[in-house]
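# Chains, contacts and geometry: an overview
Single-letter residue listing:
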There are 2 protein chains.
Amino acid sequence: MISGKFAITIHILTLLHKFPNDYLSSEFIAGSINLNPVLVRKEIANLKAHHIVESKEGKNGGTKLAVNAAELTLKQIFEMTFETIGLGFAKNQPNPDCPVGKNINQHLENLYSEMNQKVSAQLEGISLEDFSNQF
Amino acid sequence: MISGKFAITIHILTLLHKFPNDYLSSEFIAGSINLNPVLVRKEIANLKAHHIVESKEGKNGGTKLAVNAAELTLKQIFEMTFETIGLGFAKNQPNPDCPVGKNINQHLENLYSEMNQKVSAQLEGISLEDFSNQF
DNA sequence: TCATACTGTAATAAAATATGTTACAAATTT
DNA sequence: AAATTTGTAACATATTTTATTACAGTATGA
C-alpha cells in the first residue's frame, strides 16, 4: 500500500540533490515538507540503511546524498520505502470452507503482484535526477 | 490508495458469478468473506449505483449480477471502488515558499497518474469472468 | 573546554482512516 | 400476519499514520 513514506522520501532526496554540496538538517528538510523533523530523521535512517545518503552528527551536521542521482531509480526508492500495492485489507481472513474464500487471497496476491511489476517497470525508468530536474 | 474495498468487491462479484441463478444474501456473502454483512451491503450499494448488480428486498431477497461477466473488467471495478494510487499522504501541504515544496505535489501527481495508467491498462485486460474462472 | 546545534532513537500522544456493530424502517415472500 | 431480507443511519472500535516530547550522544567552533 502506498503511503506517505514514498512521497516524503522522494521529497527528501530531491532536496538533497538540489543542494549537493551541503549537509541539510532535518529541520530544514522538514520545513520544506511541512512535516515533523523526527519523521524526516526516520526516513533518513532508512535511506542510510540502504547507503543512499550519509549524515553527520553534531553542530552543522545534516544529511547528504551518497550516490549518483542519475543511477538511483524511483523503483529503488519505491522498494526501499517498503511500498507495495497490496491487499490493503488488514484482516483479510476469508472462510476456508468456501471454495471462493479459500482461494481468493492467492488470486488477489497474484493480481497485486502483477500490478507491482507494472509499476516497478515504470519507476525503473525514472532516475532521481530525472525527477529532480523537472523542478 | 488501494483499500479493502477493491478486494471485497471482487470477492462479492466472484461469488455472484459462481451462482448466476441465485439471489445471494449479504449474510451468505459476508460468511465467505468473513466480514460484517452491513459492509457487504455497503459495497453492494456501490455496485448497484453502477448498475453492475441488481438486488431484491424482502424474504428470499439478495443480490445478483446484472451484467455479462465477460464484459466487466477489473479496471471498471478498480475505478468503481474509488481506488487510485495516490499521495497516500493525507496532510501533504509542503512549504509554498520552497521551490521544491511548491511544485512537488504536481510532479508527484503526474507520477502517480502514470502509475495508475499502467495499472489500469493491465486491469482492463482482465474480465470478471477471467478472474472468476481461475477458481 | 564549554556552549551550541545537530543526529538518533524511544516513548507516547493525537489524528485520521478503516472496519465493525446495533438498530430499525421498508420491502417482499410464504 | 410472520419471517426474512435489503437499505441506511448512527455510533463504536481498531488500526494505521502522523506528531510531539524528551534526551543521550556527537561534532563544531568560539
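Small disclaimer: the values here were computed from a predicted structure and weren't measured.

## Section: the packing of helix H1 (residues 4-18) of chain A against helix H3 (residues 37-49) of chain A
Residues and elements named next belong to chain A. It is the contact of H1 with H3, at a shortest axis distance of 10 Å, that shows an interaxial angle of 80°. Taken together, the axes of H1 and H3 lie roughly perpendicular to each other. Between H1, through Lys5, Ile8, Thr9, Ile12 and Leu13, and H3, the contact on the second element is made entirely by Val40, Glu43, Ile44 and Leu47. Among the residues making up the contact of H1 with H3, the classes are represented as 6 nonpolar, 1 polar and 2 charged.

## Points about the packing of helix H5 (residues 99-124) of chain A against helix H5 (residues 99-124) of chain B
At their nearest, the axes of H5(A) and H5(B) sit 9 Å apart, and the two run at 135° to each other. As judged from the angle between their axes, H5(A) and H5(B) are oblique. At the point where H5(A) passes H5(B), the crossing takes the right-handed sense. For the pair H5(A) and H5(B), the contacting residues are Leu111(A), Glu114(A), Met115(A), Lys118(A), Val119(A), Gln122(A) and Leu123(A) in the first and Leu111(B), Glu114(B), Met115(B), Lys118(B), Val119(B), Gln122(B) and Leu123(B) in the second. Considering only residue class, the contact of H5(A) with H5(B) consists of 8 nonpolar, 2 polar and 4 charged.

## Considering the protein's contact with DNA strand D
Taken together, the neighbourhood of DNA strand D is formed by 28 residues, with Leu35(A), Asn36(A), Gly58(A), Ser26(B) and Lys48(B) sitting nearest. Backbone atoms, meaning sugar and phosphate, form 59% of the atoms of DNA strand D found within 4 Å of the protein. Residue Gly58(A) places a main-chain N or O atom 3.3 Å away from a base oxygen belonging to DNA strand D. Every element with two or more residues in the surface near DNA strand D is listed here: H3 of chain A together with helix H3 (37-49) and strand E1 (53-56) of chain B.

## Here we look at the packing of aromatic side chains
Evaluation of the coordinates by the stated rule reveals 8 aromatic pairs over all chains. A ring pair is formed by Phe6(A) and Tyr112(B), whose centres lie 6.1 Å apart and whose planes are at 55°; its orientation type is tilted. Placement of Phe6(A) in helix H1 and of Tyr112(B) in helix H5 is noted, with the two residues assigned to different chains. For the residue pair Phe6(A) and Tyr112(B), the accessibility class agrees, reading buried in each case. An angle of 90° between the planes, with centres 5.8 Å apart, marks the rings of Phe19(B) and Phe28(B) as edge-to-face. Relative accessible area serves as the criterion here: at 40%, Phe28(B) is assigned to the partly exposed category. Feature note: the residues Phe6(A), Phe78(A) and Tyr112(B) constitute an aromatic cluster, connected by ring pairs.

## Examining the layout of surface pockets
All names here are of chain A. Quantified by volume, the largest pocket comes out at close to 180 Å³. If you trace the largest pocket, you find it lined by Leu24, Ser25, Ser26, Arg41, Ile44, Lys48, Ser55, Lys56, Glu57, Gly61, Gly62 and Thr63. Counting only elements with at least two residues in the lining of the largest pocket, the list comes to H3, strand E1 (53-56) and strand E2 (62-65). Per element, the largest residue contribution to the lining of the largest pocket is 3 residues, and it comes from H3. When its residues are assigned to classes, the lining of the largest pocket shows 2 nonpolar, 6 polar and 4 charged.

## Digging into the nonpolar core
Residues Leu13(A) and Leu13(B) are the most contacted members of the largest nonpolar core, which totals 74 residues. Setting aside anything within four residues of it in sequence, one finds Leu13(B) in contact with Leu47(B), Ile52(B), Val53(B), Leu65(B), Leu72(B), Ile77(B) and Leu128(B).

## Section: the environment of Glu124(A)
Inspection of the secondary structure assignment puts Glu124(A) in helix H5. Setting aside chain neighbours within four positions, we find Glu124(A) in contact with Thr73(A) and Lys75(A).

## Quick word on the protein's contact with DNA strand C
Inspection of the region around DNA strand C gives 27 residues, with Ser26(A), Arg41(A), Lys48(A), Leu35(B) and Glu57(B) positioned closest. Ser26(A) is positioned such that a nitrogen or oxygen atom in its backbone is 2.8 Å from a phosphate oxygen of DNA strand C. In the environment of DNA strand C, a base oxygen lies 3.4 Å from a nitrogen or oxygen atom belonging to the backbone of Gly58(A). Only H3 and E1 of chain A together with H3 of chain B provide two or more residues apiece to the surface near DNA strand C. Broken down by class, the residue content of the surface near DNA strand C amounts to 7 nonpolar, 10 polar and 10 charged.

## Thoughts on the pairing of strand E2 (residues 62-65) of chain B
Residue and element names in this part refer to chain B. Sheet analysis places E1 next to E2, joined by 4 bridges and oriented antiparallel. Looking at E2, one finds that valine 53 is bridged to leucine 65. Remark: 5 residues form the turn of the hairpin made by E1 and E2, two consecutive strands paired antiparallel; glycine 58 in that turn has positive phi of roughly 80°.

## A closer look at the interface of chain A and chain B
Bring the parts together and some accessible area is lost; that lost area is often taken as the interface size. If you look at the interface, chain A gives 47 residues, while chain B gives 47 residues. Summed over both sides, the interface of chain A with chain B buries roughly 3800 Å², with 73% coming from carbon and sulfur. Inspection of the region where chain A meets chain B yields 0 salt bridges. Between chain A and chain B we count 8 residue pairs in polar contact (both at pLDDT 80 or more) in total. Looking at the side of chain A that touches chain B, the elements with two or more residues in it are H1, helix H2 (26-33), helix H4 (74-80) and H5 of chain A. Per element, the largest residue contribution to the side of chain A that touches chain B is 15 residues, and it comes from H5(A). In terms of residue class, the side of chain A that touches chain B is built from 28 nonpolar, 16 polar and 3 charged.

What counts, and where the lines are drawn
One numbering rule holds for all chains: residues counted from 1, following each sequence as written. Working convention: letters from A go to chains and numbers from 1 go to ligands, in the order in which they are written. The predicted origin of the model limits local features to residues at a pLDDT of at least 70 and limits the giving and counting of side-chain atom pairs to 80 or more, whereas totals for whole chains, interfaces and linings rest on all residues. Only hydrogens and water are set aside; all other atoms, that is, all heavy atoms of the structure, feed into the side-chain values. Here the axes come from fitting lines to C-alpha atoms, over the contacting stretch only for helices, and the angles between their N-to-C directions go from 0 to 180 degrees. Each helix is a run of DSSP H or I of at least 4 residues and each strand a run of E of at least 2, with the numbering of both proceeding from the N terminus. When describing relative orientation, an angle under 35 degrees is termed roughly parallel and one over 145 degrees roughly antiparallel, while 65 to 115 degrees is termed roughly perpendicular and anything else oblique. A contact between two residues is defined here by any heavy atoms of the two lying within 4.5 Å. When residues are grouped by polarity, Ala, Val, Leu, Ile, Met, Phe, Trp, Tyr, Cys and Pro land in nonpolar, Asp, Glu, Lys and Arg in charged, and all others, Gly among them, in polar. Each crossing gets its hand from how the near helix is turned against the far one by less than a right angle, where anticlockwise is left-handed and clockwise is right-handed. Nearness of a residue to a molecule or strand requires only that one of the residue's heavy atoms be within 4 Å of it. Residues adjacent in sequence count toward polar contacts only when both atoms are side-chain atoms; beyond that, a polar contact is any pair of N or O atoms within 3.5 Å, and within protein one must be able to donate a hydrogen and the other to accept it. Between the rings of Phe, Tyr and Trp (Trp by its six-membered ring), a pair exists once the centres lie within 6.5 Å; its type follows the angle of the planes, with under 30 degrees stacked, over 60 edge-to-face, and the other angles tilted. Note on exposure labels: buried denotes an accessible area under 20% of the residue type's maximum, exposed denotes more than 50%, and partly exposed covers the range between, all computed with a 1.4 Å probe on protein chains only. Only protein atoms enter the 1 Å grid, on which a cavity is a set of points fitting a 1.4 Å probe that cannot get out and a pocket is an open set with protein on both sides within 12 Å along at least 5 of 7 lines, lining residues being those with an atom within 4 Å of a point. Grid points are joined across faces, edges and corners, and a volume is the space filled by probe spheres set on the points. Residues belong to one nonpolar core when they are buried, are Ala, Val, Leu, Ile, Met, Phe, Trp, Tyr or Cys, and are joined through side-chain atoms within 4.5 Å. DSSP bridges decide pairing: two strands pair if at least two such bridges lie between them. Note: buried area is the sum, over both parts, of the accessible area (probe 1.4 Å) each one loses when the two are combined. A pair is scored as a salt bridge if a Lys or Arg side-chain nitrogen falls within 4 Å of a carboxyl oxygen belonging to Asp or Glu.

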